[in-house]
Amino acid sequence: MRLVLIVPSASDAGDDPEVHSVAAWVAASGWPWAVQRLDESRPGALGDDDVAWCHAGQAVPTLPSAWRDALSSWIAGGGGLLLTALATPLAGALGAPDESPQLQRIAAWRHADDPLWDEGFRDWPDYPHIRGAQGWGRHPLFDGLPRGTFTWRAREGEGVARTVFRAPHWPRGRVIAVDRAYVRLDADTAVAWEYDVGNGRILCLGANVALAARDQQFAAQRDRYLHNAIASLDRARRRAEGRAEGCAQGRSGRGAGGWRSSWPRRGAPAVAMCDGGGVPALPPAATRLSSVLEMEGDAREGAPFTVAGRRTLVVGDEANGSREWWMHPLCVLSEGLRLTVDGAPLTATRVRVTPGGVERTLRDANARAWREVVATDAARAIIHLDIAPLDATAGGVLVLEGALRLRLQWPFPGQALQPLAMSVQRAEEGRYCVSVAAVERRAGLRLAVAGAAEVTASEDEAAPALRVVGHAGRGLRLAAVASAGSDARLQAEWAALAQRPLDVVLEDRSRRDAERRQATVRLTTPSVAFDAAWEWAKARLAACVVDVPGIGSGFVAGYAASRPGWGDSRPGYAWFFGRDACWCGDALLAAGMFGEARIALEFLAATADVTGKIVHEVTTSGVVHYDAADSTPLWLRFVSAYAEWTGDLATVRALWDHVRAAFDRVVATDRDGDGLPENVGVGHGWVESGPLGGGAVTSYVAAIWIDALRRLAPLASLVGDHQFFDRIADAQARATGAFESRLRDAATGRVVLQLSDDGSAAADLTALSAVPVLLGVDDTAGGDAVVRALASSDFATPWGVRMIPASDARYRPRGYHCGAVWPLYTGWASLASYRRGDARAGWQHLASVAACAFLRERGAFDEVLDGDTGAAAGICPDQAWSAAMAIAPFMHGMLGIQPMASARGCTLAPQWPPEWRAARVDGVRVGASRFSIAMRRAPGEETVEYTLQRESGDAIAVALAHADGVATVMLDNDAPHVITVSHAGGPDGRR
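What counts, and where the lines are drawn
Residues numbered from 1 in each chain as written. Predicted model: local features only at pLDDT ≥ 70, side-chain atom pairs only at ≥ 80, totals over all residues. Heavy atoms only, no water. Disulfide = S-S within 2.5 Å. Buried < 20%, exposed > 50% of the residue type's maximum accessible area, 1.4 Å probe, protein only. Axes fitted to C-alpha atoms, helices over the stretch in contact; angles between N-to-C directions. Helix = DSSP H or I, 4+ residues; strand = E, 2+ residues; numbered from the N terminus. Parallel < 35°, antiparallel > 145°, perpendicular 65-115°, else oblique. Left-handed = near helix turned anticlockwise from the far one by under 90°. Contact = heavy atoms within 4.5 Å. Nonpolar A, V, L, I, M, F, W, Y, C, P; charged D, E, K, R; others polar. Pairing = 2+ DSSP bridges. Salt bridge = Lys/Arg side-chain N within 4 Å of Asp/Glu carboxyl O. Phe/Tyr/Trp six-rings, centres within 6.5 Å; stacked < 30°, edge-to-face > 60°. Lys NZ or Arg CZ within 6 Å of the ring centre and 35° of its normal. Core = buried A, V, L, I, M, F, W, Y, C linked by side-chain atoms within 4.5 Å. pLDDT = per-residue confidence, 0-100.

Moving on, we come to the state of the cysteines. One pass over the full model with this rule turns up zero disulfides. For C331, which is in no disulfide, the shortest distance to another cysteine sulfur is to C876 and amounts to 15 Å. Between C544, a cysteine without a disulfide, and C584, which holds the nearest cysteine sulfur, the sulfur-to-sulfur distance is 7.0 Å. A relative accessible area of 0% places C544 in the buried class.

What follows deals with the packing of helix α14 (residues 699-718) against helix α15 (residues 722-742). Two elements in contact, α14 and α15, have axes separated by 9 Å at closest approach and are oriented at 150°. The angle between the axes of α14 and α15 places the two elements in the roughly antiparallel class. Note on packing geometry: the crossing formed by α14 with α15 is left-handed. Here α14 contributes S699, A702, A703, W705, I706, L709, R710, L712, A713, A716 and S717 to the contact with α15, which in turn contributes H722, F724, F725, I728, A731, Q732, A735, T736 and F739. Taken together, the residues of the contact of α14 with α15 break down into 14 nonpolar, five polar and one charged.

Of all six residues that make up strand β14 (residues 312-317), six are buried, and the element is covered over most of its length. The alternating pattern of β14 places T312, V314 and G316 on one face and L313, V315 and D317 on the opposite face, and all of these are buried. Linking two consecutive strands that pair antiparallel, namely strand β13 (residues 304-308) and β14, is a turn of three residues. As judged from the six bridges shared by β14 and strand β15 (residues 321-327), these two strands associate in the antiparallel manner. Paired with L313 across the two strands is W326, which belongs to β15. Connecting β14 to the antiparallel partner β15 that follows it, the hairpin turn spans three residues.

This part takes up the pairing of strand β25 (residues 421-426). For a regular strand, the rule is simple: side chains alternate between the two faces of the sheet. Bridge count for β25 against strand β26 (residues 432-437) is six bridges, and the pairing is antiparallel. In the strand pairing of β26, V424 is matched with V434. Hairpin connection of β25 to β26: five residues between the antiparallel strands, including E429 at a positive phi of 60°.

Now for the environment of G47. Structurally, G47 can be placed in the loop between β2 (33-37) and β3 (50-56). Other than its neighbours up to four places away in sequence, G47 contacts W74 and R235.

With respect to topology, five strands assemble into an open sheet ordered β18-β17-β23-β29-β28, the strand pairing being antiparallel. Where the open sheet ends on each side, the last strands, each with one partner, are β18 (344-345) and β28 (452-457). As defined by bridge partners, β28 adjoins strand β29 (residues 465-470) across five bridges and the pair is classed as antiparallel. Across the sheet, T456 pairs through a bridge with R467, a residue of β29.

All right, on to the pattern of salt bridges then. Using the criterion set out here, one finds 72 salt bridges in the structure. The partner of R710 in a salt bridge is D707, with the nearest N and O atoms 2.6 Å apart. Note that R710 and D707 are positioned in helix α14 at a spacing of three residues, about one turn of the helix. Exposure remark for R710: the relative accessible area of 30% places this residue in the partly exposed category. Taking the relative accessible area as the measure of exposure, D707 reaches 3% and is therefore buried. The network of salt bridges with common partners includes E294, E296, D298, R350, R352, E359 and R371.

For the peptide bond that leads from A167 to P168, omega is 10°, which places it in the cis range. Checked against the element boundaries, P168 lands in the loop between β8 (160-166) and β9 (174-181). Across the junction of H328 and P329, the peptide omega takes the value 10°, indicating a cis bond. Among the secondary structure elements, P329 is positioned in the loop between β15 and β16 (330-333). At A367, a position not held by glycine, the phi torsion is positive, near 65°. Here A367 lies in the loop between β20 (357-363) and β21 (369-376). Among the residues examined, A367 registers a relative accessible area of 52% and is labelled exposed. Phi at S569 is positive, roughly 60°, even though this residue is not glycine. Along the polypeptide, S569 turns up in the loop between β33 (552-559) and β34 (572-577).

Further remarks concern the sheet that holds β13. Pairing within the open sheet is antiparallel, and its five strands lie in the order β13-β14-β15-β16-β24. This sheet does not close on itself; its edge strands, each paired only once, are β13 and β24 (407-408).

Let us now look at the packing of aromatic side chains. Inspection of every chain in the model, using the stated rule, returns 39 aromatic pairs. Between F121 and Y182 the ring centres are 5.9 Å apart and the planes differ by 85°, which places this aromatic pair in the edge-to-face class. Placement of the pair is F121 in the loop between β5 (102-106) and β6 (130-135) and Y182 in the loop between β9 and β10 (184-197), with a sequence separation of 61 residues. Just as F121 is buried, Y182 falls in that class too. Aromatic pair Y573 and F577: ring centres 5.6 Å apart, planes at 80°, arrangement edge-to-face. F577 matches Y573 in its accessibility class, with the two residues each being buried. The positively charged end of R266 is found above the aromatic ring belonging to W170, 4.4 Å away from the centroid.

A few words on the nonpolar core. Grouped together as the largest cluster of nonpolar side chains are 258 residues, with contacts concentrated most on W635 and W828. Leave out the neighbours within four places in its chain, and W828 touches W583, W686, Y700, A767, L768, A770, V771, L774 and M885. Ranked by size, the runner-up nonpolar core spans 30 residues in total, among them V22, I176, A207 and I230.

On to the confidence of the model for the chain. On average, the chain scores 93 in pLDDT, and the residues at 70 or more come to 97%. In this model residues 248-257 is a low-confidence stretch, pLDDT under 50, and it forms 10 contacts with partners more than four residues away in sequence or in other chains.

The next thing to look at is the packing of helix α9 (residues 578-590) against helix α11 (residues 631-646). With their axes 9 Å apart at the nearest point, α9 and α11 run at an angle of 15° to one another. On the basis of the axis angle, α9 is roughly parallel to α11. The handedness of the crossing between α9 and α11 is left-handed. Judged by residue contacts, G578, R579, A581, C582, W583, G585, D586, L589 and A590 of α9 engage S631, L634, W635, R637, F638, A641, Y642, W645 and T646 from α11.

Here it is as structure tokens:
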């Protein structure tokens, strides 16, 4: 392929810096290239292997008639033309529909006038005024740029010019991308579109492609975007894609989502995705909702529940039942289900919760009892609802009502799939099929209904309403399947429903709960409540592994109901997060959940930026943000921890290019060369906003970086990358020295919170101070002071540790980053306490985290709690890293495990609570080995008896640290090994 640059005439270009910059860009592109100028009387010959590009930044180029005729003929014959910025209006003269985009010229950019700067972010320090492009789905324009990217950062006073289409004036070609700002889409503004002209194609990138921009922060992303645009126009590639698309259409019968996805056409109709297959029978449930893990009690007003599968999520509350149904990335029910009998609402009296379902006992106005079960399929996009009278002789007509609003997850606009159309078909034996179709077959929902006397639907194009009327004295059964963008997938789920009735789903979920318990680490301790919380923590972490077709399988952060306004279609944090997955990785690995850890690890590698940066968040609708400074060093630490626990070097080697790129990315943020990563222009560290925000260098990120390097160096040796080992060792030495010289307060000996741009230090002692301690980066007496402070009443409450002390003038009990209690912080404090040998404080904090499982949502761990009352103060009642902190401090702190899977060994340095006389840990997993450890001590004795036993797998050497040294045993058979050692600590549990 040869790239031919078409340069505007001198009279049009003048001193246009964009024209000069594009010439330099093409020369450095790596493609064979040539230049043709519109000043010339006629164009040179363009061949089959050529792609032409015209770019302008100050004026729309004038196209002479000879050029128009020649280019039009070449494009119609199969040529590919790229038009960017102010050159896009030329498309109409070259065979595209005769339509013109809006020309938007801004003399000087002003941050204060940014139309996409949401009011909720006006108080953010260094708010990023950035722009880019967001696609709908797959398109060659976004190869290596998951469905979109940022390409330009605005600077105060910088001149801007661009061309766009603004709704309702939409191009008659295909809109590839809409305007994108920080955590927001402007779906009414098209910034990239394309036209098929004869056998050729014209691709237009009208905005956010500024080669001469003053800020080049997104140069790498912009360049990849442009490379993709040019490559997508190559004639040979387009032919190959056409053949592949034809094969896909032949296999599916209706297409496979498209190689070149586009945004829906404005005014296009709703079209059903699939309309056959019969209506599956939904037999009444005979199996009782049960599991090895369940909670039961009186139904409580305001107590939420969340039930998740790999493809599904149900959010509701004990008093009112289902509020939202999700089949990722679609919300299919968003305003709750209303249940009445003889016109009066049902009242919930009892509830039973398991990881796979919720059962509520209900009473109608005549005191008749009903049972409702809602359950999600573990692996498929299927949700079941069964409501039945408990007294077969009871009368009463049950009516179910709800709105089936198909909605993609944020930040896609609520109307993106509209108009919607609902239809109802009656099948044999009184079964019904309810279908909801979205615009242009972009999504579809099918609902099987059994037991109904009548089913009716409204014609609302935004949220079609469903009404299901039962027979007197009988129940109703519903099952829903849905899909975004694939007829074949929706049809497969509908067909699977016949094989997955509610009984099968309940039995499958119960079996999976039992298998997970047996396959992972199990505890028997003096605290029955802690042991129960432990099992729920594993279940909640497992439920955060989510599969989204077209996006991938990864680890989401937590679940909650959406909220009006900014929170619309944001079901808690039910999308993929980098830092959350990495902090949860410690718990996943320690609990023996290696498969879940690998999924999380690989997803973050697969979605890494072209610079090597690891994502902060990926929505299930496919919008990716890289706005966190800690995700990348956390991921490097996660890779190393994965190797330490699993010994799976094959996976590590497969990720090694990503490891090197991530390392280079963090090193590149160190602009002053002191060895410490910087946040400015990179993203937030931990604190995103509030009185503690704005740190240029934070001890939190720096400590994570040092710990990642410390772990990464031996891993580089294991994979044989010795040159990289030397680079890591050098980076570690420089970072460690700078940490001590720049981030430690000489007067107090404590590590400071952060440094500002001018180098001044914020010496606040906060919950974040625990992170350098727990990682072993701060291993001085200053760390002891941190541990004591976090255990004091100024920080610690019965429900956890505050971010800042209650005595601080900035303290706000519900302040997200300035006062509230997070179980995550409490877990950090526990880990730090164990690291410094304070077992009493370690257990105090750990028990506070575990208690969350019994407070608000049954078996779940809240995200944020009020610092004064312990009431919910955050978004999610079911937060992944809160659950993780019921596991990681026990394994890494109380048990003191350090795995060395590649060496087939591990060390243990237990710090049991002084009052514990016995405890047992089964299923400890290191590499291919599993073993158990039991502890017993008699009152008043100064010795502890340990029994270690291999359960399965390879032989493993276990080194047990105690007060007088280390005792090592080789577990190479199934016989128990008994060791009696000195007490690990004094009367207060300190080592």
